[in-house]
Amino acid sequence: MKVLLAGANSYVGTRLIPVLLEKGYEVVCLVRDKNYFYKSNQYSDAVTVIGGDLLRRQSIEYLPEDIDAACYLVNSFTQTSGFAALGALSAQNFIEVLDQTNCRQVITLGDINNNTTHDTVARLQVEDILSSGEAELTVLNTAMIIGRDSTTLEMFNALTAKTPILIPQNWIKTRSQPISVTDVLTYMEACLMNEKTFNRKFDIGGPEVLQFKQLLLLYIAINKDFKPGIVVLPFLTSQLSAHLLNILTPVSYPEAQSLVENLKYDTICRDNAINEIIPMRCLTFKEALRMANAPVDRAVIKTVHSFK
């Protein structure tokens, strides 16, 4: 089976490549800068590399006609209406070139979000565009993704680097259902050309629903040799929270804005419909943290197929 990967340099995309190769898929990577990809990705010699900027339709090189499925993992364009328009343009150009192939399925990732935010509206617009093509669309919505170098763990690491830890009051009791990146990869691979997942959206998450404070304390217990104090900051606005996160962590301000917006709401799976099609045991938050601390080759390549 031949799989096209758009967003091969994204966090999930780079980790999906070795998983697909290990399973015997033929992988085609659509990248904006071929030279950068060849230099930065250790699997570049094992895949077919196609050049093209999805914001410039004419720059996209010819795609093989015998594509069976595609994964659209292009990083979200954040915040402003202008950036939302860029996200829509990227998806539209992708669908136009993909419709010239025999592709039957597109898989993409989204966020679990029951609230109408700017990011949510922009993401739904992208999904509508992706579903307008000839291929069937499968959407996997996630909460926090836990893995080596993930944005979530970078945030936790930076927040706990110094004592006391400063946390806005409205983060403390926010509930989330974090999922290991290895489980995200397993779900994606299991959805490929699985007709039961065609034209459907699924929420995927780990087995636990935890408050943000619980997540932070568990992270400290596993990764730190001391217990720092926690100072709760009352009445902190979303804008100030984003600035605080941007200052204290490697996360950019637009990414911080998106994270803070999501931390205002619970991000919990609305149903477990995915388990009826792909029954498997996902890692707990503690197991995901320990996996993130494992050697890179194990953390990246190993997928967890603990089916019930």
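This is a predicted model, so every value here is computed, not measured. (Residues numbered from 1 in each chain as written. Predicted model: local features only at pLDDT ≥ 70, side-chain atom pairs only at ≥ 80, totals over all residues. Heavy atoms only, no water.)

**A look at the overall build of the protein**
No. 1: Helices and strands together make up the secondary structure of the protein, namely 13 helices and 13 strands.
No. 2: For the protein, buried positions account for 53% of its 308 residues.
No. 3: Expressed as a percentage of contacts within the protein between residues at least 6 apart in sequence, the contacts between residues at least 24 apart total 78%.
No. 4: Summing over all exposed atoms, the protein offers an accessible surface of approximately 14,100 Å²; the carbon and sulfur share of this is 49%. (Helix = DSSP H or I, 4+ residues; strand = E, 2+ residues; numbered from the N terminus. Buried < 20%, exposed > 50% of the residue type's maximum accessible area, 1.4 Å probe, protein only. Contact = heavy atoms within 4.5 Å. Areas by Shrake-Rupley, 256 points an atom, 1.4 Å probe, with all protein chains shown as cover.)

**Regarding the confidence of the model for the protein**
No. 1: Averaged over every residue, the pLDDT of the protein is 86; residues scoring 70 or more account for 82%.
No. 2: Note on residues 297-308: pLDDT is under 50 here. Beyond four places in sequence and across chains, it has 36 contacts. (pLDDT = per-residue confidence, 0-100.)

**Focus: the nonpolar core**
No. 1: Within the largest apolar cluster, 40 residues are counted, with the highest numbers of intra-cluster contacts made by Cys29, Cys71, Leu140, Tyr187 and Met188.
No. 2: Looking at this core, the elements with two or more residues in it are strand S1 (2-6), helix H1 (11-22), strand S2 (26-31), strand S4 (69-72), strand S5 (105-111), helix H7 (181-191), strand S11 (200-204) and helix H11 (274-277).
No. 3: Tallying contributions element by element places H7 first for this core, with six residues.
No. 4: Discounting residues that sit within four places of it in the chain, Leu140 has contacts with Ile107, Thr108, Leu109, Gly110, Tyr187, Met188, Cys191, Phe202, Ile204 and Ile274.
No. 5: One finds Ile50, Ile67, Ala70 and Leu137 within the second-largest nonpolar core, a separate group that totals 26 residues. (Core = buried A, V, L, I, M, F, W, Y, C linked by side-chain atoms within 4.5 Å.)

**Points about the sheet that holds S2**
No. 1: The parallel open sheet is built from seven strands, whose spatial order is S3-S2-S1-S4-S5-S6-S11. Strand pairing shows two members of the sheet lacking a second neighbour, strand S3 (48-51) and S11, which therefore form its edges. For this sheet, the mean angle separating the axes of adjacent strands, direction not counted, is 20 degrees.
No. 2: Relative to S2, S1 runs parallel, the two sharing five bridges. (Pairing = 2+ DSSP bridges. Axes fitted to C-alpha atoms, helices over the stretch in contact; angles between N-to-C directions.)

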